[in-house]
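Residue-level structural notes
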Amino acid sequence: MEVDYLIVGSGLAGICFAETCLLHHKKIIVLNDTSQNSTTIAGGLYNPIVLKRFTKIWEAEAQLNISIPFYKNLEKKLHTPFLYEIPLLRKLNNIEEQNNWFAASDKPNLSSYLSSELETLNNEAILSNYKFGKVHETGFLDTAKFKKSYTNYLVTENGYLEETFDYSKLVIKDNYVEYNAIRAKQIVFAEGFGLHNNPYFNNLPLDGTKGELLIIKSENLKLNEIINSSIWILPLGNDLYKVGATYNWEDKTNQKTEEAKLELVTNLKELLNCDFEIIEHLAGVRPTVKDRRPLLGKHYKHNNLFILNGMGTRGVLFAPYLSDKLFQYIENKTELDNEISIERIYKKLFS
């Protein structure tokens, strides 16, 4: 089988790059390694503002302008809804936080995202002595449904394989690579935390941050917005809510822990004034980088090996935007910004 791109990994990054290739009439095959599950269990939130510091995320406008239409077009293509545009309300705990919100919402670069008027949440199930700040251009992607619907589509197009990638079977030539019966002009590794097993790119500083989430059921919560506090609560419908998330920089396993569960339940009880039932407990490792920037680019030695990784907690907005950046880099030699290019790492490694 001859293709333009062999894509290793079918998480957010791999799927979005695959669709970017198809939009440009390239032939692809995606190989999924089931050892990684960060996309399946992810919160899927997108938000252009870092609320702890009241700063915009890098290239916020450009990411929104590319990524949201990208998902909407895919919804039409796959006849499946998975993108939900709903407001995010930030719980404000005291007068000082309210004043900080007003100051931030008055800044020219933030005013289009942060409402200057505080919201009163008429919901007795949410404990709050103060009002809420409303963030615009927010919502969530049902990442599990997104991945399932797209991989089903790839299967029908004979563009999907499910197996553990065997690096020892990769044959690298000047103008192509071979893997088993596949010959590809380029190979793109989008493996998430699985990058640590990749002998070609495992010298890059992908750190990995474990996160744990809960799915709860509460008939009395009746929440239609995303609530952001010490934790976030995201309405899934049918009285179900996703709650997250914990951060663990030491544990790199997908194993659920009672410690994280207790942390989430404790924070929930401080926020909610209603009963809830835990339906599911989820855990996975986010592909984070020490300098908090993604990892894109070409291998320092092999011209047809590329990487798309390191999207961390911002994957929903990052994935379509960075997929386009990488595709343009490969096909049209468009330079990658230093903030995302692995050249910033190679300069330190090989200087």
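Residues numbered from 1 in each chain as written. Predicted model: local features only at pLDDT ≥ 70, side-chain atom pairs only at ≥ 80, totals over all residues. Heavy atoms only, no water.

1. Examining the overall build of the protein chain
What counts, and what does not: Counting from the N terminus, the helices are the DSSP runs of H or I reaching at least four residues and the strands are the DSSP runs of E reaching at least two. For a compact globule the rule gives 2.2 Å times the number of residues to the power 0.38, and the radius of gyration it is set against comes from C-alpha atoms. Each residue's exposure class comes from its accessible area (1.4 Å probe, protein chains only) as a fraction of the maximum for that residue type: buried when under 20%, exposed when over 50%, partly exposed otherwise. Here the Shrake-Rupley method, with its probe set to 1.4 Å, supplies the accessible areas, and only the displayed protein chains count as covering residues. Charged residues are defined here as Lys and Arg on the positive side and Asp and Glu on the negative side; His and the ends of the chain fall outside this count. To locate a charge, take NZ of a lysine, CZ of an arginine, CG of an aspartate or CD of a glutamate.
Scanning the protein chain for helices and strands turns up 8 helices and 20 strands. The C-alpha radius of gyration of the protein chain comes to 21 Å, within 12% of the 20 Å expected for a compact globule of 351 residues. For the protein chain, the C-alpha atoms occupy an extent of roughly 65 × 40 × 40 Å along the three principal directions. Counting only residues that meet the buried cut, the protein chain has 53% of its 351 residues in that class. Summed over its atoms, the accessible surface of the protein chain is roughly 16,700 Å², and 45% of this surface lies on carbon and sulfur atoms. Within the protein chain, the 44 negative side-chain charges are centred at a point lying 3 Å from the centre of the 40 positive side-chain charges.

2. Observations concerning the side chain of Asn 47
Note the threshold: Pairs of N or O atoms within 3.5 Å make up the polar contacts considered here, provided that, within protein, one atom can donate a hydrogen while the other can accept it, and that residues adjacent in sequence are counted only when both atoms are side-chain atoms. Contacts: residue pairs with any heavy atoms within 4.5 Å of one another.
Relative to the helices and strands, Asn 47 resides in the loop between β3 (45-46) and β4 (49-50). For Asn 47, a relative accessible area of 10% translates into the label buried. At 2.9 Å, the side chain of Asn 47 and the backbone oxygen of Ile 49 are in polar contact. With residues near it in sequence (within four places) discarded, Asn 47 still touches Ile 57, Leu 88, Val 135, Thr 138, Arg 314 and Leu 317.

3. A word on the environment of Tyr 5
By the element assignment, Tyr 5 lies in strand β1 (residues 2-8). Residue Tyr 5 is classed as buried on the basis of its relative accessible area of 0%. For Tyr 5 and Val 30, which are 25 residues apart along the polypeptide, the C-alpha to C-alpha distance reads 8.4 Å. Filtering out sequence-adjacent residues up to four positions away, Tyr 5 remains in contact with Phe 17, Cys 21, Lys 26, Lys 27, Ile 28, Ile 29, Ala 184, Gln 186, Val 188, Phe 327, Ile 330 and Glu 331. At 2.5 Å, the side chain of Tyr 5 and the side chain of Glu 331 are in polar contact.

4. Considerations on the pattern of salt bridges
Worth spelling out the cut-off: A side-chain nitrogen of Lys or Arg and a carboxyl oxygen of Asp or Glu constitute a salt bridge if their distance falls within 4 Å.
Taken as a whole, this structure holds 12 salt bridges when the rule is applied. The partner of Asp 337 in a salt bridge is Lys 325, and the shortest N-O contact between them spans 3.8 Å. Pair noted here: Asp 337 is in the loop between α7 (315-332) and α8 (343-349) and Lys 325 is in helix α7, with a separation of 12 residues, a long-range link. Overall, the relative accessible area of 27% leaves Lys 325 in the partly exposed class. Three or more residues are tied together by salt bridges with common partners; here these are Lys 210, Glu 212 and Asp 251.

5. Overview of the pairing of strand β2 (residues 28-32)
To keep things clear, this is the line we draw: Only strands joined by at least two bridges in the DSSP assignment are considered to pair. Look down the strands so they point away from you; if going from the first strand over the helix to the second traces a clockwise path, that crossover is right-handed.
Burial within β2 is extensive, with 5 of its 5 residues counted as buried. The alternating pattern of β2 places Ile 28, Val 30 and Asn 32 and Ile 29 and Leu 31 on opposite faces, both of which are buried. In terms of strand pairing, β1 meets β2 through 4 bridges, oriented parallel. Directly across from Val 8, in β2, lies its bridge partner Leu 31. Handedness of the crossover joining β1 and β2 through helix α1 (residues 12-23) is recorded here as right-handed. Here β2 runs beside strand β10 (residues 160-162); their pairing, made up of 3 bridges, is parallel. The partner of Leu 31 across the bridge, within β10, is Leu 161.

6. Here we look at the packing of helix α3 (residues 60-78) against α7
Here is the rule we go by: Structural elements are reduced to axes, namely lines fitted to C-alpha atoms, with helices fitted over the stretch in contact, and the angle between N-to-C directions of any two is expressed from 0 to 180 degrees. Orientation labels follow simple angle bins: below 35 degrees gives roughly parallel, above 145 gives roughly antiparallel, 65 to 115 gives roughly perpendicular, and whatever is left gives oblique. Residues are grouped as follows: Ala, Val, Leu, Ile, Met, Phe, Trp, Tyr, Cys and Pro are nonpolar; Asp, Glu, Lys and Arg are charged; all remaining types, including Gly, are polar.
Across the interface, α3 lies against α7 with an axial gap of 8 Å and an inter-helix angle of 95 degrees. In this view, α3 runs roughly perpendicular relative to α7, as classed from their interaxial angle. Residues Ala 62, Gln 63, Leu 64, Ile 66, Ser 67, Ile 68, Phe 70 and Tyr 71 of α3 form the contact with α7, whose participating residues are Gly 315, Val 316, Leu 317, Phe 318, Ala 319, Pro 320, Tyr 321 and Asp 324. Here the residues of the contact of α3 with α7 are counted per class, giving 12 nonpolar, 3 polar and 1 charged.

7. Some details on a nonpolar patch on the surface
Test applied: Patch membership requires over 30% relative accessible area and the absence of a salt bridge. Like charges are linked within 9 Å, and nonpolar side chains (Val, Leu, Ile, Met, Phe, Trp, Tyr) within 5 Å.
On the surface, Tyr 300, Leu 349 and Phe 350 cluster together into a nonpolar patch covering about 310 Å² of accessible area. Residue position: Tyr 300 is located in the loop between β19 (295-298) and β20 (305-309).

8. Here's the deal with the side chain of Asp 4
With respect to the secondary-structure elements, Asp 4 resides in strand β1. Judged by its relative accessible area of 14%, Asp 4 is buried. A polar side-chain atom of Asp 4 sits 3.2 Å from a polar atom in the side chain of Lys 185. Asp 4 has contacts with Lys 26, Lys 27, Ala 184, Lys 185 and Gln 186, leaving out every residue within four places of it along the chain.

9. Thoughts on the pairing of strand β17 (residues 240-244)
Here β17 lies mainly inside the structure; 4 of its 5 residues are buried. When strand β14 (residues 209-217) meets β17, the two strands line up antiparallel, connected through 4 bridges. Residue Lys 217 lies in a different strand from β17, and its bridge partner there is Leu 240. Note that strand β16 (residues 232-237) and β17 share 5 bridges and pair antiparallel. Considered in β17, the bridge of Leu 234 is made with Lys 242.

10. Things to note about the nonpolar core
What tends to happen in soluble globular proteins is that the nonpolar side chains get buried as a cluster. To keep it simple, the criterion reads: The term nonpolar core refers to a set of buried residues drawn from Ala, Val, Leu, Ile, Met, Phe, Trp, Tyr and Cys, joined through side-chain atoms within 4.5 Å.
Core analysis: the largest hydrophobic core is formed by 69 residues, its most contacted members being Phe 17, Tyr 71 and Leu 308. Counting residues per element, this core draws most heavily on α7, which supplies 10 residues. Ignoring any residue separated from it by four or fewer positions in sequence, one finds Tyr 71 in contact with Leu 12, Cys 16, Phe 82, Leu 83, Leu 141, Phe 146, Gly 315, Val 316, Ala 319 and Pro 320. Counting 28 residues, the second largest nonpolar core, distinct from the first, contains Leu 31, Tyr 167, Phe 189 and Tyr 200.

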